[in-house]
Structures are given as structure tokens and as C-alpha cells.
Amino acid sequence: MHNNTNLTTNNGPSSDDLTWSFRTITILILCSLITILTILGNGLVLISIKFRLRAPSYSDYFIVSLCLADFFVGLFVMPFMTIHSLHLRWPFHYRLCYVWMSIDFTCSTASFLTLASMALDRYWALTGIPIL
């Protein structure tokens, strides 16, 4: 009796490989541009607040919090989302997906809560309600 097992190797292209269609190139360019602009824009705001000549104000903390949250979204979340959008599936290990989702939820929630805090602070400033 002869045991004949077929071992498949991954030498050739598979059906899961990325094809460079118009859709793929468009998604790659748009997502990369948005990611780079997000990182650079928030980085420039953080640098400008750091090297500003006048003393930091109370509202600067809101701006720094918002910029940091959006900066981390641009740095850690958006590149993986671009790859996920290109492949139409998660091409990495499932544990990295959990880490990616955790960073996404944490930074997005921090961004939303900072925007809500800024709105509440502006409302209190305009109406004259004292801060507790």
C-alpha cells in the first residue's frame, strides 16, 4: 500500500492575491491620501500647540486630546483599514484584528467624547454657567 499525499505549496499566484484593477488603485490612492493628511494635519496642530509662544489655555487641553485621538486613528487604524478594504477580508492574524478594533474603538470614543466636552465647555462659556 502506497500512501500518496499531496502537499500544496504557495509558489504560484492564488485566487486571494490582490489584482491591480481600477477599483484597487482608486481605493489605495484615496485611503493613503486621507491617512497621510490625517497624520500630518494632526501632527502639525500638536507641534504648533507645543511651540506656541503664549501660555497654554484651558481649551488647549481639549484640542490636544482631540488631535492625539485623531492622530492615533490615522497612525494605527486607517492603514489597516486600507488593507482590509483592498482585500475585502482581514488578511492578518485574528489577534491583530482584536488589537486593531480595540485601538479603533478607544481612539474613536476618545475623539467623540472630546468633541462633546468641547461643545459643553463652549455652552457653559456662552451661558455663564459656572464650571463645577
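Structure: above.
On a predicted model such as this, the values are computed, not experimentally measured, just so you know.

Definitions and limits used
Residues numbered from 1 in each chain as written. Predicted model: local features only at pLDDT ≥ 70, side-chain atom pairs only at ≥ 80, totals over all residues. Heavy atoms only, no water. Helix = DSSP H or I, 4+ residues; strand = E, 2+ residues; numbered from the N terminus. Expected span 1.5 Å × (residues − 1). Bend = angle between axes of the 7 residues up to and from the residue. Buried < 20%, exposed > 50% of the residue type's maximum accessible area, 1.4 Å probe, protein only. Contact = heavy atoms within 4.5 Å.

(A) Spotlight on helix 2 (residues 58-87). Relative to the 44 Å expected for 30 residues at 1.5 Å per residue, helix 2 spans 44 Å between its end C-alpha atoms, a close match to the ideal helical length. Its maximal kink placed at V77, helix 2 deviates by approximately 40°, while the proline P79 follows within four residues. Downstream of helix 2 by a residue or two, L88 has a phi angle that is positive, lying close to 60°.

(B) Just unusual backbone geometry, in detail. Non-glycine residue L88 carries a positive phi angle of around 60°. Along the polypeptide, L88 turns up in the loop between helix 2 and helix 3 (94-127).

(C) Spatial organisation of the environment of F92. Its location among the elements puts F92 in the loop between helix 2 and helix 3. By relative accessible area, F92 is classed as partly exposed at 32%. Excluding residues within four positions of it along the chain, F92 makes contact with F80 and I83.

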